Amino acid sequence: VAMSVTAKSAGILDTRNKRLAKTSGMLAMAFATLRSKLLLLSFGTMLVAQTFGRFLKAAAEQEKVLSQLDSILRSTGHAANITSIQLDSMAKGLAGMTRFGDEAIHSAEKLLLTFTNIKDDVFPDALGLTLDMAEAFGTDLKSSAIQLGKALNDPARGFTALRRIGVSFNGEQEKMIKNF
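Structural notes, computed from the coordinates. The structure presented is a predicted model; accordingly, all values stated were derived computationally and were not measured.

Quick look at the overall build of the chain now. A count of helices and strands for the chain gives seven helices and zero strands. Seen in sequence order, the chain has helices and strands lined up from the N terminus as α-α-α-α-α-α-α. Its C-alpha radius of gyration of 36 Å places the chain more than 25% over the 16 Å reference for a compact globule of 180 residues. Principal-axis analysis of the C-alpha atoms places the extent of the chain at approximately 130 × 35 × 20 Å. Sorting the 180 residues of the chain into buried and exposed places 24% on the buried side. A fraction of 51% describes how many contacts in the chain between residues 6 or more apart in sequence connect residues 24 or more apart. Carbon and sulfur atoms form 62% of the exposed surface of the chain, whose accessible area is close to 12,400 Å². Side-chain charges in the chain split into 22 positive and 17 negative, and the spacing between the mean points of these groups amounts to 18 Å.

In structure tokens, the structure reads:
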């Protein structure tokens, strides 16, 4: 009888050990799953934070550019008859159609705005020509904006400067420039 109780106790202990081992295994799997999900959650949170940080940085840069454009517009007495919002819209539109980014185009706009004889509907054309000149002659936007700005600001002298860099004019265009 003593032996049968001991065997019976050993069987119960063995069953309990097996259940405990099974429960421990399930608990370990649950912790591993939880750990994986927490890692995934932390990675996702990091991506959201980085994206939000980039968005804030871009918004701050955009605000800075618009502020600079507004400042130049004020300092020139709004000679170009254009707003910073319009300038921003032009830059973004042209950036989608050229190899130049909107930041580079904004820089060209800022330079062109300093030439106060470039006004009204001439400004968008001058900006487009600045991009075309930079592309055609392999120069940077700054150089092209300055050359074109000088030419449009003082056509008589600018005509000669543009000829020196390779821009050619037909007889009718020369006549128009002299009359301008």
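A full pass over the atoms with the stated rule returns two salt bridges. Arg99 is the partner of Glu135 in a salt bridge, and the nearest nitrogen-oxygen pair spans 2.5 Å. Of this pair, Glu135 sits in helix α4 (residues 122-137) while Arg99 sits in the loop between α2 (84-95) and α3 (102-113); the two residues are 36 residues apart in sequence, bridging distant segments of the chain.

How each quantity is defined
Residues numbered from 1 in each chain as written. Predicted model: local features only at pLDDT ≥ 70, side-chain atom pairs only at ≥ 80, totals over all residues. Heavy atoms only, no water. Helix = DSSP H or I, 4+ residues; strand = E, 2+ residues; numbered from the N terminus. Rg over C-alpha atoms; globule rule 2.2 N^0.38 Å. Buried < 20%, exposed > 50% of the residue type's maximum accessible area, 1.4 Å probe, protein only. Contact = heavy atoms within 4.5 Å. Areas by Shrake-Rupley, 256 points an atom, 1.4 Å probe, with all protein chains shown as cover. Lys, Arg positive; Asp, Glu negative; His and termini not counted. Charge placed at Lys NZ, Arg CZ, Asp CG, Glu CD. Salt bridge = Lys/Arg side-chain N within 4 Å of Asp/Glu carboxyl O.

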